[in-house]
Amino acid sequence: MPVPQPSTQGESSKGPKTPQLGNQEDDTNRQKILVLGWRKAGKSSCIKTIFQDVPVTDVPYFDSTQKVEKVLYDTIVPLEIWDTPSNFDTDSPDVRLGSFATIIYVMDMQQDDSYHEAILPFVKVMIRAHLANPNMKFAVFIHKAEVLSEDYRGENYAEIQRAMAEELEDFPYNSVQQYAPNVNFSDPSVTANIIGQLQNEVRFDMTSVHDTTLRDAWSKVIQGVMEMLPSVEQLLVNFTGTSGMDNTYLFDIGSKVVVAADNRGRNDATLELVTEYLLRFLQFRELYRVLGKRKDEETDGDAEGSPDGEKAVANGDDVPEEEWDEEGKTGWWDEEDPDAPWMTQSTRLMPNTTIALWQFTPYLALIVLLRTDTWVARRGMIEYNLTFLRQGIRRILMEMDG
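About the cut-offs
- Residues numbered from 1 in each chain as written.
- Predicted model: local features only at pLDDT ≥ 70, side-chain atom pairs only at ≥ 80, totals over all residues.
- Heavy atoms only, no water.
- Helix = DSSP H or I, 4+ residues; strand = E, 2+ residues; numbered from the N terminus.
- Buried < 20%, exposed > 50% of the residue type's maximum accessible area, 1.4 Å probe, protein only.
- Contact = heavy atoms within 4.5 Å.
- Areas by Shrake-Rupley, 256 points an atom, 1.4 Å probe, with all protein chains shown as cover.
- Core = buried A, V, L, I, M, F, W, Y, C linked by side-chain atoms within 4.5 Å.
- Salt bridge = Lys/Arg side-chain N within 4 Å of Asp/Glu carboxyl O.
- Axes fitted to C-alpha atoms, helices over the stretch in contact; angles between N-to-C directions.
- Parallel < 35°, antiparallel > 145°, perpendicular 65-115°, else oblique.
- Nonpolar A, V, L, I, M, F, W, Y, C, P; charged D, E, K, R; others polar.
- Expected span 1.5 Å × (residues − 1).
- 1 Å grid on protein atoms, 1.4 Å probe; cavity = no way out; pocket = protein on both sides within 12 Å on 5 of 7 lines; lining within 4 Å.
- Points joined across faces, edges and corners; volume = space filled by probe spheres on them.
- Pairing = 2+ DSSP bridges.
- Phe/Tyr/Trp six-rings, centres within 6.5 Å; stacked < 30°, edge-to-face > 60°.
- pLDDT = per-residue confidence, 0-100.

Chemist: An account of the overall build of the chain is needed here, citing residue identities and associated values.
Modeler: Across its full length, the chain carries eight helices and 12 strands. Looking at the chain as a whole, 51% of its 402 residues qualify as buried. Within the chain, counting contacts between residues at least 6 apart in sequence, those at least 24 apart form 71% of the total. Here the chain displays about 18,800 Å² of accessible surface, and carbon together with sulfur accounts for 45% of that area.

Chemist: Can you explain the nonpolar core? Please cite residues and give values.
Modeler: Nonpolar side chains in soluble globular proteins tend to end up buried together. If you look at the biggest cluster of nonpolar residues, it comprises 51 residues, and the most contacted ones within it are F141, W218, L250 and L366. Here the element with the most residues in this core is helix α8 (residues 372-401); it accounts for seven residues. In this view, W218 contacts I33, V35, C46, I47, I50, F51, I81, I104, F141 and V257; residues no more than four positions away in its chain are not counted. Counting residues in hydrophobic clusters, the runner-up holds 39 residues, among them V95, A145, M164 and L198.

Chemist: So, the pattern of salt bridges: which residues are in play, and what are the values?
Modeler: All told, the structure shown has 11 salt bridges when counted by the stated rule. Within the structure, one salt-bridge network assembled from shared partners comprises R203, D205, D216 and K220.

Chemist: Could you give an account of the packing of helix α1 (residues 43-51) against helix α5 (residues 213-224), with specific residues and numbers?
Modeler: Direction vectors running N to C along α1 and α5 enclose 85°, while the axes themselves pass 11 Å from each other. With respect to α5, the element α1 is oriented roughly perpendicular. Along its contact with α1, which presents S45, C46, I47, T49, I50 and F51, the element α5 presents L214, R215, W218 and I222. Residue composition of the contact of α1 with α5, grouped by class: seven nonpolar, two polar and one charged.

Chemist: Hey, could you go over helix α7 (residues 268-282) for me, with residue numbers and the actual values?
Modeler: Along its 15 residues, α7 runs 21 Å from first to last C-alpha, staying within 8% of the 21 Å computed at 1.5 Å per residue. Burial in α7 covers these residues: T270, L271, L273, V274, T275, E276, Y277, L278, F281 and L282.

Chemist: Please give an account of empty space enclosed by the protein that cites residues and values.
Modeler: Under the criterion given, the structure shown has three cavities of 30 Å³ or more. For the largest cavity, the calculated volume is near 50 Å³. Lining the largest cavity we find T212, R215, D216, S219, F251, K256, V257, V258, L271 and T275. Among the elements of the structure, α5, β9 (257-261) and α7 are those that each provide at least two residues to the lining of the largest cavity. Considering each element in turn, the lining of the largest cavity owes the most residues, three residues, to α5.

Chemist: Describe the sheet that holds strand β4 (residues 79-83), with residues and values.
Modeler: The sheet built from six strands is open, its strands ordered β3-β4-β2-β5-β6-β7 with mixed pairing. With one partner strand each, in any of the chains shown, β3 (69-73) and β7 (202-206) form the two edges of the open sheet. This sheet shows a mean twist of 20° between the axes of neighbouring strands, independent of strand direction. Both β3 and β4 contribute to a ladder of five bridges, which runs antiparallel. Within the sheet, the bridge partner assigned to K70 lies in β4 and is W82. The strands touched by helix α4 (residues 188-201) within the sheet are β6 (137-143) and β7, with β7 carrying the most contacts at an inclination of about 35°. Running at roughly 175° to β6, α5 makes contact with β2 (31-37), β4, β5 (102-108), β6 and β7 of the sheet.

Chemist: Could you give an account of the environment of A139, with specific residues and numbers?
Modeler: With respect to the helices and strands, the residue A139 is situated in strand β6. For A139, a relative accessible area of 0% puts it in the buried group. In contact with A139, other than residues within four places in its own chain, are I103, I104, Y105, F122, R203 and V221.

Chemist: Can you tell me about the packing of aromatic side chains, naming the residues and giving the values?
Modeler: Evaluation of the coordinates by the stated rule reveals 13 aromatic pairs. For the pair W82 and F100, a centre-to-centre distance of 5.0 Å together with 85° between the ring planes defines the contact as edge-to-face. Highlighted residues: W82 in strand β4 and F100 in the loop between β4 and β5, separated in sequence by 18 residues. On the basis of relative accessible area, W82 is assigned to the buried category, the value being 6%.

Chemist: Tell me about the confidence of the model for the chain, and please be specific about residues and values.
Modeler: Per-residue pLDDT for the chain has a mean of 80; in total, 78% of the residues score no lower than 70. The low-confidence segment residues 1-25, where pLDDT is below 50, has 110 contacts with residues more than four positions distant or belonging to other chains. Low confidence marks residues 297-330, where pLDDT is under 50. Its contacts with residues over four positions away, or in another chain, come to 69 contacts.

Chemist: Before we move on, can you summarise the side chain of T275 with the specific residues and values?
Modeler: Among the structural elements, T275 can be located in helix α7. With relative accessibility at 3%, the residue T275 sits in the buried group. Setting aside anything within four residues of it in sequence, one finds T275 in contact with T212, R215, F251 and K256.

Chemist: Tell me what's going on with the pairing of strand β8 (residues 247-252), and back it up with residues and numbers.
Modeler: Among the six residues of β8, six are classified as buried, and the element is accordingly described as predominantly covered. Going residue by residue along β8, you find N247, Y249 and F251 tucked away on one face and T248, L250 and D252 tucked away on the opposite face as well. When β8 meets strand β12 (residues 364-371), the two strands line up antiparallel, connected through six bridges. Its bridge partner lying in β12, T248 is registered against V368. Where β8 meets β9, four bridges bridge the pair, whose relative direction is antiparallel. Residue Y249 lies in a different strand from β9, and its bridge partner there is A261. Taken together, β8 and the strand that follows it, β9, pair antiparallel across an intervening segment of four residues, in which K256 is found at a positive phi of about 60°.

Right, dumping it as structure tokens:
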């Protein structure tokens, strides 16, 4: 499916003034994500290319991770992502497995001769973490999928799933008795229950830094720790239905990861289309004056215009430091400047589809797909409904922050 060119028109849409969500210094409300894996499996590339905007071309030059690196990232939920070395010790007193919301295990798909060997240590960590926090979620990123043909990918993907199931069945559960002294691991029904729960909880995703699969995998991870996800999804479903949309996606702007969607007729091709659209469009963000940038990004002042030479309206200026409260708890919803616009953009695709974008907050943007004739005939109503959608999402975020 062709990728749309990112510049047909840019217009203003009112939005928040204060570009803050969460407190960088306060990690008590952050969802902690632990990323594990063998040396050179691709842990750092999975994190840095998404959340630190490191170019994919730099990935081959990454050094092996020597110590734990904690990446703080603010999106619809504040995150703390641990990038760990291959010899990371989960028995360290500084590591409380039960404090993590999700554990991700990164595997190199090329290591097809050592899948069982690679999975066994993760199975032990997964069982210990489950005993410490039964609500914890688990994900396996089967990374570097681009190096194999499609047939081999499918075979290796199935082999990794089989290896996981076998290692869970064969694991000596009495070896973790010290972590759960009140659990009777000699009872087959107890171990069978643990095995069943873990097999249902762990999710497998083939990923690559060279396409949208890695962002899709992170999307599932982030959505898995969003308590407000059902409420946000229902708002999107209502907006899609009343406005005549085909698909609606709520993106985190910095990582270009979907944090919520209406999930109606969703497929990989559509997801790839809207993700590539956002990536291409944001490549031109420096041509705009300020596109609602995050507070930790620099702004370049007064450059304006679009790649086609058409006028584009940019976001308002950043808030001076003195306008923040001393405790850093001010959210973007506390003060809104009615004169500060947010970016919006629409592009007509062939044969008869339009893709449109609206920025909601410094962190979030809505992207929709709809028929062009619907866009032309109902644009006013769509943008009217959009104000209620944004207010609903804002209210949810305010309640969660409070």
